[in-house]
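If you want the building blocks of each chain, they are given just below.
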Amino acid sequence: MKKNNLTIERVLYQTTSNEKVKERQDNEKHGRPFICIRDYSPIEYEELAFMQPSDFQLIFGVKDSEGKRKGSQIVKITNPNNGKSVHRQYRTSYEIRDLHDYVSISYTAIKNIVNSKDEFDNLRSVYISKGNRLCYYLSHPNYAVRISIWLGSISVLLGILSLIISLL
C-alpha cells in the first residue's frame, strides 16, 4: 500500500571525502558537522544527498527493498528560512553509522540554498521532500548535463512550434 509523500525535517551535515577535515571539525567542536564518505568520488558528491535508509519510505511512500525503485530517486532539499531549494539524488552509505534524522550534502549545494555567509554558517536543519527529475536536470550541478538538458528542451519546443506552423 502506497503512502502519501511528505516533507520531513532533517539535521544538515556537510559531505567531505577528507578524513582530516572531519577530525579537525571534531577537535574544534564548532561549525556545521561533516560526514566523511569515501565510497563515492568528490565529483559525485555534488549530485547526491546522503540520508538514512528508512527515509526512503518516508519520502517516496515505498520501501527501497520492494524493487519498485526505477533509476535514481530525486529529493528536494529546502532551506526553511528562505525557501530556496536544490534537487539531489537520494543515496545512503554503509560508512554512515549511528546517525539518525540527517541529510548530508556538498558545500556547493549548501551555498545554493543560502543568501549569505552568516546564513551558511548557521543553517542547521532543512526540509526534505520528493523532488522532480526535470528540475534536477535543469539545475544539475554538472555544467555539461545542465547545458545538454536546456538545449534538448529548447530543440523539442522549437520542433513542436515548427510542426504547428507547418500545419497552419
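As shown above, the structure is provided for reference.
These numbers were taken from a predicted model, which means no experiment stands behind them.

A closer look at the environment of F120
Along the chain, the position of F120 falls in helix α5 (residues 117-122). F120 gets classed as buried once you look at its relative accessible area, which sits at 10%. It is 9.1 Å that separates the C-alpha atoms of F120 and R32, two residues lying 88 residues apart in sequence. In this structure, F120 is in contact with Q14, R32, Y107, I110, K111 and V114, ignoring residues within four places of it in sequence.

With respect to the packing of aromatic side chains
Under the counting rule described, the total for this entry stands at seven aromatic pairs. Where Y13 meets Y102, the ring centres are 6.1 Å apart and the plane angle is 85°; that geometry is what we call edge-to-face. One end of the pair, Y13, is in strand β1 (residues 8-16); the other, Y102, is in strand β6 (residues 102-105), with 89 residues separating them in the sequence. For the pair formed by Y13 and Y102, the shared burial category is buried. Ring geometry for Y45 versus F50: centroids 6.1 Å apart, planes at 75°, classification edge-to-face. For the pair formed by Y45 and F50, the shared burial category is buried. Aromatic rings pair up to connect F56, F60 and Y90 into one cluster.

Scoring rules and cut-offs
Residues numbered from 1 in each chain as written. Predicted model: local features only at pLDDT ≥ 70, side-chain atom pairs only at ≥ 80, totals over all residues. Heavy atoms only, no water. Helix = DSSP H or I, 4+ residues; strand = E, 2+ residues; numbered from the N terminus. Buried < 20%, exposed > 50% of the residue type's maximum accessible area, 1.4 Å probe, protein only. Contact = heavy atoms within 4.5 Å. Phe/Tyr/Trp six-rings, centres within 6.5 Å; stacked < 30°, edge-to-face > 60°.

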